[in-house]
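# Observations on the three-dimensional arrangement
Given next are the chains, with one letter for each unit.
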Protein chains: 2
Amino acid sequence: MADDAIERGVKLLRDHGLKVTPQRLVILRYLEKYRNHPNADEIYNALKSRNPSLSKTTVYNTLETMHKQRLVDVLTISESERRYDLRRESHHHFMCQECGRILDIEIACPNCHRIINGEHRVDEVHGYFKGICSECLTKEDKL
Amino acid sequence: MADDAIERGVKLLRDHGLKVTPQRLVILRYLEKYRNHPNADEIYNALKSRNPSLSKTTVYNTLETMHKQRLVDVLTISESERRYDLRRESHHHFMCQECGRILDIEIACPNCHRIINGEHRVDEVHGYFKGICSECLTKEDKL
DNA sequence: GTGGCTGCAAATCATTTGCATATAC
DNA sequence: GTATATGCAAATGATTTGCAGCCAC
């Protein structure tokens, strides 16, 4: 892992009032590097060979802690499992029902946020789109 | 159950190519009457006293079948369970983290749908907002 | 008549919990 | 030194599956 990535991770954790542990750093680094909206199992499996003592409980604990500190978004676009995403400026997600990929959708939706915030206090906004992605469309002619 | 509600249910099922069964009718009727975004368990518990033979498996089967026929929307706004909603013209949902209620949000978001449809084929759009509802805000001063 | 629907019991599997040990600060 | 984090094994709980009998059409 590059030194600057470690430093960045340490700072990110400290800035959010979290203790710095190797497990937290490596999970944060995974999210930052791949940005692939993984579930807990994918994170665990990707990291366990280089971090043999890592437990799945810790993966869950860590992601939950980071979510509470608004460092990580929890996506429920999949009906069967949670997926995690390093938090960044509001964007949305598209899930392909064919290949299962979750793609970032860069759409700002200022209307929605503003209107509803007048009535309730809105802390999280999730835009989930589901269908067939352009790649699968060309492959399989499902247009 | 009112006669016209039954008739409406029968028509709805037939129009969607589904066989008409008492279980399907009563579940449909529940969704139509309460529109409270229930989970499978709530539906089952609400109906079992008047429909003693109803099984939870059938509740799940029925909701899944209706979802496939685009009669019912599956909401994953709650992280721990699916919630169901009779399908109607596109609207969105707000979940109060305090009282747990899921409220309908009547916002049209034409931008989003149009833009993304140029790239992928979009079959479902879900807008999930989370925070504290106005009622809980006044009660507890969490503004 | 038959293909699809129902309901029971058992299985699955993501996530959570209890608790003893280890570690960040 | 102490509060918190980690990791193991066991528990939980929503959803699914296998299968036998039933019913809508």
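Residues numbered from 1 in each chain as written. Chains lettered and ligands numbered in written order. Predicted model: local features only at pLDDT ≥ 70, side-chain atom pairs only at ≥ 80, totals over all residues. Heavy atoms only, no water.

## Regarding the overall build of chain A
Keep this limit in mind: Runs of E in the DSSP output that reach at least two residues are strands. Runs of H or I that reach at least four are helices, and both are numbered from the N terminus. To sort residues, take the accessible area from a 1.4 Å probe on protein chains only and compare it with the maximum for the residue type: under 20% means buried, over 50% means exposed, and anything in between is partly exposed. By definition, residues are in contact when any of their heavy atoms lie within 4.5 Å. Only the protein chains shown count as cover for residues, with accessible areas throughout obtained via the Shrake-Rupley method and a probe of 1.4 Å.
Across its full length, chain A carries six helices and five strands. Starting at the N terminus and walking to the C terminus, you meet the elements of chain A as α-α-α-α-β-β-β-β-α-β-α. Along the three orthogonal principal directions, the C-alpha set of chain A runs to about 45 × 45 × 30 Å. Among the 143 residues that make up chain A, the fraction classed as buried is 44%. Residue pairs at least 24 apart in sequence account for 52% of intrachain contacts in chain A once pairs closer than 6 positions are excluded. A total of about 7800 Å² of accessible surface is found on chain A, and carbon and sulfur atoms cover 47% of it.

## Describing the protein's contact with DNA strand C
Rules: Throughout this document, a residue counts as near a molecule or strand when at least one of its heavy atoms sits within 4 Å of that molecule or strand. By the criterion applied in these results, polar contacts are pairs of N or O atoms within 3.5 Å in which, for protein atoms, one can donate a hydrogen and the other can accept it, and in which residues neighboring in sequence qualify only through two side-chain atoms.
Taken together, 19 residues form the shell around DNA strand C, and within it Tyr60 and Arg82 of chain A together with Thr21, Ser53 and Thr58 of chain B come nearest. The share of sugar and phosphate among atoms of DNA strand C within 4 Å of the protein is 77%. Between DNA strand C and the protein, one listed contact pairs a phosphate oxygen with a side-chain N or O atom of tyrosine 60 of chain A at 2.6 Å. Side-chain polar atom of threonine 57 of chain B to a base nitrogen of DNA strand C: 3.2 Å apart, as the coordinates give it.

## As for the protein's contact with DNA strand D
Taken together, 19 residues sit near DNA strand D, with Thr21, Ser53 and Thr58 of chain A together with Tyr60 and Arg82 of chain B positioned nearest. For DNA strand D, the backbone makes up 78% of the atoms found within 4 Å of the protein, where backbone means sugar plus phosphate. The separation between a sugar or linking oxygen of DNA strand D and a polar side-chain atom of glutamine 23 of chain A is 2.9 Å. Serine 53 of chain A is positioned with one of its backbone polar atoms (N or O) 2.7 Å from a phosphate oxygen of DNA strand D. Of all the secondary-structure elements, those providing two or more residues to the surface near DNA strand D are α2 (22-34) and α4 (56-68) of chain A together with α4 (56-68) of chain B. The element contributing the most residues to the surface near DNA strand D is α4 of chain A, with four residues.

## A word on the relation of the copies chain A and chain B
Rule in force here: Here the copies were fitted onto each other by least squares, based on C-alpha atoms from residues at pLDDT of at least 70 in both.
It takes a turn of 180° to lay chain A on chain B, together with a shift of 0.0 Å along the axis; the resulting RMSD is 0.0 Å. The superposition operator between the copies reduces to a two-fold rotation axis. Among all residues of chain A, the one whose C-alpha sits closest to the rotation axis is glycine 127 of chain A, at a distance of 2.4 Å. Looking at chain A, 100% of its interface residues are interface residues in chain B too, so the copies touch through the same face.

## Side note on the pattern of salt bridges
Heads up, the condition is: For salt bridges, the criterion is a side-chain nitrogen of Lys or Arg within 4 Å of an Asp or Glu carboxyl oxygen.
In the structure shown here, the tally under the stated rule is 26 salt bridges over all chains. Among the ionic pairs, aspartate 123 of chain A bridges to arginine 121 of chain A, the shortest N-O distance being 3.0 Å. You can call arginine 121 of chain A partly exposed: its relative accessible area is 26%. The salt bridge involving glutamate 135 of chain B is made with arginine 101 of chain B; its shortest N-O contact spans 3.7 Å. Remark: arginine 101 of chain B occurs in the loop between β3 (92-96) and β4 (102-105) and glutamate 135 of chain B occurs in helix α6 (residues 134-140); sequence separation between them is 34 residues.

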